[in-house]
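In case you want the letters, here they are:
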Amino acid sequence: MLAQGGPWALSVMSLVLLLWQEVSAIDVPLDSKIQQDLKQPPTIMKQSLKDYIVDPRDNIIIECEAKGNPVPTFSWRRNGKFFNVGKDPRVTMRKRSGTLEISFRSGGRPEDYEGEYQCFASNDFGTALTNKILLRVSKSPLWPKEVLEPVVVGEGSPLVLACNPPPGLPPPLTFWMDSAMMPITQDKRVSMGLNGDLYFSNVLAKDSHTDYSCNARFLFTHTIQQKNPFTLKVQTSRKVAETTPSFLSPTGTDSSRMVMRGEKLKLECIASGVPTPSIKWFKKGGDLNQKVKLDNFNKTLRIDSVSEEDAGEYMCMANNQIGSIRHSIYVQVKAAPYWLDQPSNLVLAPDENGRLVCRANGNPKPHIQWLVNGGPIESNSSLPNPSRTVAGDTIMFRSVQIGSSAVYQCNASNDHGYLLANAFISILDMAPRMLGPKNQLIKVIENNRTFLDCPYFGSPLPELRWFKNGQGSGLDGGHYRVYINGTLEIKRARAEDEGTYTCVASNILGKEENQVLLEVKEPTRIVRAPEHQLAIRGTMARFDCRVKSDLTLPITVTWLKDDKPLSLGSRLKKDEDSLSIPNVHEGDEGTYTCTVKTEIDQDTASARLTVSGRPDSPMDLELSDAKERTIRLTWIHGDDHNSPVTLFVVQFEEDRWESGKWQNLSSYPGDFNSVILELSPFVNYQFRVIAVNSVGQSLPSLPSQRYQTSGAPPDAIPRGLKGWGTKKNNMEISWEPLLDTERNGPNLHYSVWWRRKDTGEEWSNVTTVGAKHIVHDTETYVPYEIKLQAVNDFGPGGESNIIIGYSGEDKPTAPPTDLRVSKIDSTKVNVHWTPVDPSTVLGEFKEYRVYYWREGSMLKNLRVNKEKKTKGFYSTVAQPTGILTDLQPYSHYRIYMVVANNRYEGPPSNHVEFRTKEGVPEAPKFFKIIQRSTDVIHLEWDKPLEPNGILIGYKLNYQTVNGSRVGLMQMQSFLPNVTTYTLRLPERAIRYKFYLAALTQVGAGEVYAEESPHFTNEAYSKDQVDIATQGWFIGLMCAIALIILILLIVCFIKRSRGGKYPVREKKDLPLDAVDQKGEDGSFDYQ
């Protein structure tokens, strides 16, 4: 078209493009009401393939589906001429569709309907076209009958068995099989070419067969046709001559291939020669790229989707040890048209501008042709369209008006094909419409960004403004932002942003508004999150999940375990703030996640539960490196159950003395697994190991094999050697027997030696198997030197150190003399005496022992306990003294003294009497606080059990108390014969604390403290009395019951005689005051 206008037309078009101001096309929303009211030209939705091959056994269906408003009508052209569907009884068109269905149930040949079809979809606003659909019927012809002579060839010669399948539509797939329907084995020497022929690079004797058969598979009819089989006879020779490679396919030194962009490229080189040549591929000017694949034992080069950069010279080289040969293939890539910018539908408002662009590429470059409603655009028309300008691949529209709607077709074509695209221009005028829900409620979390949507539509495109609470100017800028789609963004919602927001859309045809109610909520937060826990197996684990949220938003708390919903059965307990897992075990381990959700937000927190338990038993105990007194024990650690092993305890059992009894041998740190054990001689050991961690100890391991050590003389010296008399004329020598593991051999016995100390006499000796020996006929309490030695069948052990022992003790013969006292106090006194001669003690001196007792009190009529008490004094000085304490004040005491050794006491000393001084009294015997009314407190007490002197009175201190606050202390004094006190309360609810102490001339005694009752009508005392157990109360209740019984009998007699009595008057009588019961269940007596 531009060629017809010449340079002037090009200049005008360039100027128009420079001055062009385009308005954006209208995007019509997919709202059902809008779509229902929107008038639009047709749009093709579905169509058959351009090259449409059909199966002759089926009905023919040619698809053509389109949409538009009004609903389009359909028509067809066949081979460029109108196709009258209604006149052919075999052809029907589906309702509300342009799809054709051609049926052959009543006869007819599918081949009669082959040709080129094109569908037209039309309504009041334009016509859309499908591609030109070339309909062809699939063909699968039979193989021509032929007689194949046997093929005779010499061994080592090349051979090609031709396939030549019958031409089909589409072409068949070929493959070679034998009479047993097994594929012919292919390899580097034997393979099938791209044309279906079977190539032998060199023939071998084993290739002699009578059933080489080529098969053709036709895809549409799902049939396989078989060619008559070849018979191959190979003439053998003693020696096959080696030959240089030669190409069987392709022939010559070079060839060329043309391939279309996007198609699959296959290049083939098959060579003959002995030995069988190998094939290599090259590309001139560079390496083979990653798209290149080599098939058929490197004989085929394949590129699945060819592009322009794949063009060039490809070389294949065949070589064997005799020589090599090359062949060049020149690949040319052409391209049918393909889209760069496909035109799209254009919706404009009146007086708006727009354009349709159709850009395509190909090789050669395609020609662009514009059609409108299926017909050509006449650029040199005598009545040109002033609002439409065609400039090559672009159509520009200016100031469009109602009635300009149409469907434009762009046809891009070259020698290799064409592209056809429909794009309509629709002129639309519509008053504003709101597309979203009315009066929508939006809830948002405080300080979050939120969007208030207001989808709208209109043509021309309406102007949208937002208002809050129906006041002020439009919202935009600062805290707010309005998007082109009508959405209002509030960048950070605050409490004051709550309210009603109104969006108003307006254009020249009218206006429309909608409202959105915004509520701002407090965020949902987990304020006490679960924490990682290490729980001991069998205990309880608890995960906290305390939540703070907006009170107006219902919350849902869910728990996950390892990102999966947690099943809350009878064992797991979930309450408002936590999850409890009792009796945890290993299956409970994992990550627990608390998820708190509201309808608008959520928060999550996770923690891991690790379950620890007692360790598993050590395993696989092994003994090695055995020596005379040591052996190595090795084991394998068991599972520590998430608590590291801190200690291994090695135990042993021996079967000679205490069979079956396990004893601790040694312990080692938790990172050990191999130790050297120190052993005793003459023990038949077996070992086991126990692991210990922070939870506890494991079960013992299985025992090791036994190991017996050889015997030896005793290593250990018996412990605890001592000598002591059990009678005054003997001495018992005793010791601790050796442990069984210390025997070191059989027949253990002990050699004991003793002699008088410092006398120079010879050692006396005895051998015994026991653990003691008694020396008889000794003098009283004399020292002996003693030593001991253990002996077994292997020899004697070491001797013990010499110790000093003593023969038996006797009663001391002399008493202490001149017993006296001094510095007599209320609770203590000093004691003095003259010591005895040490030789009279007749044993080891232990102490001087004082016996004392209370003869009586200095107060009349006070009974006392005369139990005798003792106190010992250890003293070896010439003038000994001691202090006797814990005496009762104001009392009469008697004492005497004896000397004592370990077994006996000597005769008593002289008796001494003394009197203690007056002291402070004990606490009163009892102290009661009784509150019978709301304004008086009554106090009672009794004198102390031990006055410790002459009572001169009592002192009472008291103060008000109110929780932790106390009032000023007040004091009252009483004579010794006063034991009660009444205190009036200034206020009903006031409470006091009382401190009572008895007095002597020495001072105040122990304080007795009490606090007044908590309730004003409570009767309180240390010795509180149950009113229901009091005799007077029981008698009163019995009397009342008797009166009621008598009244009932009288009423019964009167009723039986027909008499009347004033029931209402008796019913209204008040209860006696004695029966008025308080709210707390107690009785108040008037």
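Residues numbered from 1 in each chain as written. Predicted model: local features only at pLDDT ≥ 70, side-chain atom pairs only at ≥ 80, totals over all residues. Heavy atoms only, no water.

K.L.:
Would you take a moment to explain the overall build of the protein chain for this structure?
P.N.:
Across its full length, the protein chain holds four helices and 86 strands. On C-alpha atoms alone, the protein chain measures out to a radius of gyration of 61 Å, which is more than a quarter above the 31 Å that the 2.2 N^0.38 rule sets for 1086 residues. Each of the three principal axes of the protein chain carries a C-alpha extent, and together these read 160 × 120 × 85 Å. A buried classification covers 41% of the 1086 residues belonging to the protein chain. Long-range pairs, those at least 24 residues apart, make up 65% of the contacts in the protein chain between residues at least 6 apart in sequence. Summed over all atoms, the accessible surface of the protein chain reaches about 60,100 Å², with 50% contributed by carbon and sulfur. (Helix = DSSP H or I, 4+ residues; strand = E, 2+ residues; numbered from the N terminus. Rg over C-alpha atoms; globule rule 2.2 N^0.38 Å. Buried < 20%, exposed > 50% of the residue type's maximum accessible area, 1.4 Å probe, protein only. Contact = heavy atoms within 4.5 Å. Areas by Shrake-Rupley, 256 points an atom, 1.4 Å probe, with all protein chains shown as cover.)

K.L.:
Quick question: what am I supposed to make of the confidence of the model for the protein chain here?
P.N.:
For any part of a model where pLDDT is low, the fine detail of the predicted coordinates should not be relied upon. Confidence along the protein chain averages 87 in pLDDT terms, with 92% of residues attaining 70 or more. Every residue in residues 1016–1026 is under pLDDT 50, and counting partners more than four places away or in other chains gives 24 contacts. Below a pLDDT of 50 lies the segment residues 1058–1086, which in the model reaches 20 contacts outside its immediate sequence neighbourhood of four places, other chains included. (pLDDT = per-residue confidence, 0-100.)

K.L.:
Explain a nonpolar patch on the surface to me, please; I cannot follow it from the model alone.
P.N.:
Among the surface-exposed residues, Leu1042, Leu1045, Ile1046, Ile1049, Val1050, Phe1052 and Ile1053 lie close enough to one another that they form a single nonpolar patch of about 670 Å² accessible area. For isoleucine 1053, the position within the fold is in helix H3 (residues 1031–1056). Accessibility expressed as a relative area gives 37% for isoleucine 1053, which makes it partly exposed. (Patch = residues over 30% accessible without salt bridge, like charges linked within 9 Å, V, L, I, M, F, W, Y side chains within 5 Å. Salt bridge = Lys/Arg side-chain N within 4 Å of Asp/Glu carboxyl O.)

K.L.:
Sorry if this is basic, but what is going on with the sheet that holds strand S55 (residues 590–597) here?
P.N.:
Taken in spatial order, the five strands line up as S48-S56-S55-S51-S52 in an open sheet, and their pairing is mixed. Across the chains shown, the open sheet's two edge strands, defined by having one partner strand only, are strand S48 (533–536) and strand S52 (564–565). (Pairing = 2+ DSSP bridges.)

K.L.:
Just to check I follow, could you spell out the sheet that holds strand S26 (residues 300–303) for this structure?
P.N.:
Within a sheet, neighbouring strands are paired by backbone hydrogen bonds and run either parallel or antiparallel to one another. Read from one edge to the other, the open sheet built from three strands follows the order S22-S26-S25, with strand pairing classed as antiparallel. Taken across any chain shown, the strands that pair with only one partner, and hence form the sheet edges, are strand S22 (265–268) and strand S25 (293–295). Each strand of the sheet is rotated relative to its neighbour by a mean of 25°, with strand direction disregarded. Summarising the sheet, S22 and S26 pair through four bridges and their orientation is antiparallel. Paired with lysine 266 across the strands is arginine 302, a residue of S26. (Axes fitted to C-alpha atoms, helices over the stretch in contact; angles between N-to-C directions.)

K.L.:
Sorry, what's going on with the state of the cysteines here?
P.N.:
Note: disulfide means a covalent bond formed between the sulfur atoms of two cysteine side chains. As enumerated under the stated definition, the model contains six disulfides in all. Across the disulfide from cysteine 64 sits cysteine 119; the S-S distance is 2.1 Å. Residues cysteine 64 and cysteine 119 are joined by a disulfide whose S-S torsion is about -70°; by sign, that bridge is left-handed. Of this pair, cysteine 64 sits in strand S4 (residues 64–69) while cysteine 119 is found in strand S9 (residues 115–123), placing the two residues 55 residues apart along the sequence. (Disulfide = S-S within 2.5 Å.)

K.L.:
Is there a simple way to think about the packing of aromatic side chains in this case?
P.N.:
Aromatic rings considered in pairs are described by the distance between their centres and by the relative angle of their planes. Tallied over the full model, the rule gives 34 aromatic pairs. Members of the aromatic cluster, connected to one another through ring pairs, are Phe927, Trp941, Tyr954, Phe974, Tyr981 and Tyr1008. Over the aromatic face of tyrosine 418 sits the side chain of lysine 50, whose NZ or CZ is 4.1 Å from the ring centroid. Residue placement shows arginine 656 over the ring face of phenylalanine 682; its charged tip is 4.0 Å from the ring centre. (Phe/Tyr/Trp six-rings, centres within 6.5 Å; stacked < 30°, edge-to-face > 60°. Lys NZ or Arg CZ within 6 Å of the ring centre and 35° of its normal.)

K.L.:
Please clarify how the side chain of serine 191 should be interpreted in this entry.
P.N.:
In this structure, serine 191 sits in strand S15 (residues 190–192). In terms of polar contacts, serine 191 uses its side chain to reach the side chain of lysine 299, at 2.7 Å. Residue contacts for serine 191: discarding those within four places in its chain leaves Gln186, Asp197, Leu198, Tyr199, Ile270, Asn296 and Lys299. (Polar contact = N/O pair within 3.5 Å; in protein donor to acceptor, adjacent residues only side chain to side chain.)

K.L.:
Sorry, what's going on with the pairing of strand S28 (residues 324–341) here?
P.N.:
It is a general feature of regular strands that their side chains alternate between the two faces of the sheet. As paired elements, strand S21 (residues 254–260) and S28 share seven bridges and run parallel to each other. The residue bridging methionine 258 from the neighbouring strand is glutamine 332, located in S28. In this structure, strand S27 (residues 312–319) lies alongside S28, joined through eight bridges in antiparallel fashion. Bridge pairing in S28 places glycine 312 opposite valine 331. Between S27 and S28, which pair antiparallel one after the other, the connecting turn spans four residues. Bridging between S28 and strand S31 (residues 359–363) involves four bridges; their strand directions are antiparallel. Counted as the bridge partner of alanine 335 is asparagine 363 from S31.

K.L.:
When you look at the pattern of salt bridges in this model, what are you seeing that I'm missing?
P.N.:
Pairing of side chains with opposite charge becomes possible as their charged atoms draw close. Tallying each qualifying case throughout the model produces 46 salt bridges. With a shortest N-O distance of 3.1 Å, glutamate 742 and arginine 719 are connected by a salt bridge. Of this pair, glutamate 742 sits in the loop between strand S65 (730–736) and strand S66 (749–756) while arginine 719 sits in strand S64 (residues 719–724), and the two are 23 residues apart along the sequence. Taking the shortest distance from any N to any O, the salt bridge between arginine 991 and glutamate 1011 comes out at 2.0 Å. With arginine 991 in the loop between strand S84 (980–984) and strand S85 (992–999) and glutamate 1011 in strand S86 (residues 1008–1011), this pair connects stretches of sequence that are 20 residues apart. For arginine 991, a relative accessible area of 16% corresponds to the buried category.

K.L.:
Would you mind going over the side chain of glutamine 959 with me for this structure?
P.N.:
On the secondary structure map, glutamine 959 appears in strand S81 (residues 953–962). Residue classification places glutamine 959 among the buried residues on the basis of a relative accessible area of 9%. There is a polar contact of 3.4 Å between the side chain of glutamine 959 and the side chain of tyrosine 995. Non-local contacts of glutamine 959, meaning those with residues more than four positions away in its chain, are made with Val966, Gly967, Leu968, Met969, Arg991, Tyr992, Lys993 and Tyr995.

K.L.:
Quick question: what am I supposed to make of the nonpolar core here?
P.N.:
Soluble, globular proteins show a tendency: their nonpolar side chains are buried together. Formed by 32 residues in total, the largest nonpolar core has its most connected members in Ile62 and Trp76. Put simply, the parts of the chain that give this core at least two residues each are strand S2 (51–54), strand S3 (60–62), S4, strand S5 (73–78), strand S8 (100–102), S9 and strand S11 (133–137). Ranked by size, the runner-up nonpolar core spans 20 residues in total, among them Val153, Leu159, Leu232 and Val234. (Core = buried A, V, L, I, M, F, W, Y, C linked by side-chain atoms within 4.5 Å.)

K.L.:
Before we go on, may I ask you to explain unusual backbone geometry in this structure?
P.N.:
Where the residue is not glycine, phi is negative for most of them; where a peptide bond is considered, it is trans in most cases. A cis geometry characterises the amide bond from valine 274 onward to proline 275, with omega recorded as -5°. Geometrically, the link from asparagine 363 to proline 364 is a cis peptide bond, its omega value of 5° lying close to zero. In this structure, proline 364 sits in the loop between S31 and strand S32 (367–372). Notably, aspartate 758 is not glycine yet its phi reads approximately 60°, a positive angle. Note on placement: aspartate 758 falls in the loop between S66 and strand S67 (764–768).

K.L.:
Which parts of the structure should I look at to understand the pairing of strand S68 (residues 772–776)?
P.N.:
A one-sided burial pattern is seen for S68, the buried positions being His773 and Val775 and the unburied ones Lys772, Ile774 and His776. Direction of pairing for S65 relative to S68: antiparallel, over a ladder of five bridges. If you follow serine 734 over to S68, its bridge partner there is lysine 772.

K.L.:
Please explain the environment of histidine 532 as it appears in this structure.
P.N.:
Within the secondary structure, histidine 532 is located in the loop between strand S47 (525–528) and S48. Among the residues examined, histidine 532 registers a relative accessible area of 64% and is labelled exposed. Separated by 254 residues in the primary sequence, histidine 532 and isoleucine 786 have C-alpha atoms spaced 66 Å apart. Apart from the residues within four sequence positions on either side, histidine 532 is in contact with Ala607 and Arg608. Within the structure, the side chain of histidine 532 is placed 2.8 Å from the backbone nitrogen of arginine 608, a separation counted as a polar contact.

K.L.:
Explain the environment of arginine 542 here, please?
P.N.:
Note on placement: arginine 542 falls in strand S49 (residues 541–544). For arginine 542, a relative accessible area of 42% translates into the label partly exposed. For arginine 542 and isoleucine 802, which are 260 residues apart along the polypeptide, the C-alpha to C-alpha distance reads 66 Å. Apart from the residues lying within four places of it in its own chain, the contact partners of arginine 542 are Gln533, Asp575, Ser578, Leu579 and Ser580. A polar atom in the side chain of arginine 542 sits 3.3 Å from the side chain of aspartate 544.

K.L.:
What's the story with the environment of valine 1050 in this structure? I'm lost.
P.N.:
One can find valine 1050 in helix H3. Along the sequence, valine 1050 and valine 407 sit 643 residues apart, while their C-alpha atoms lie 117 Å from each other.

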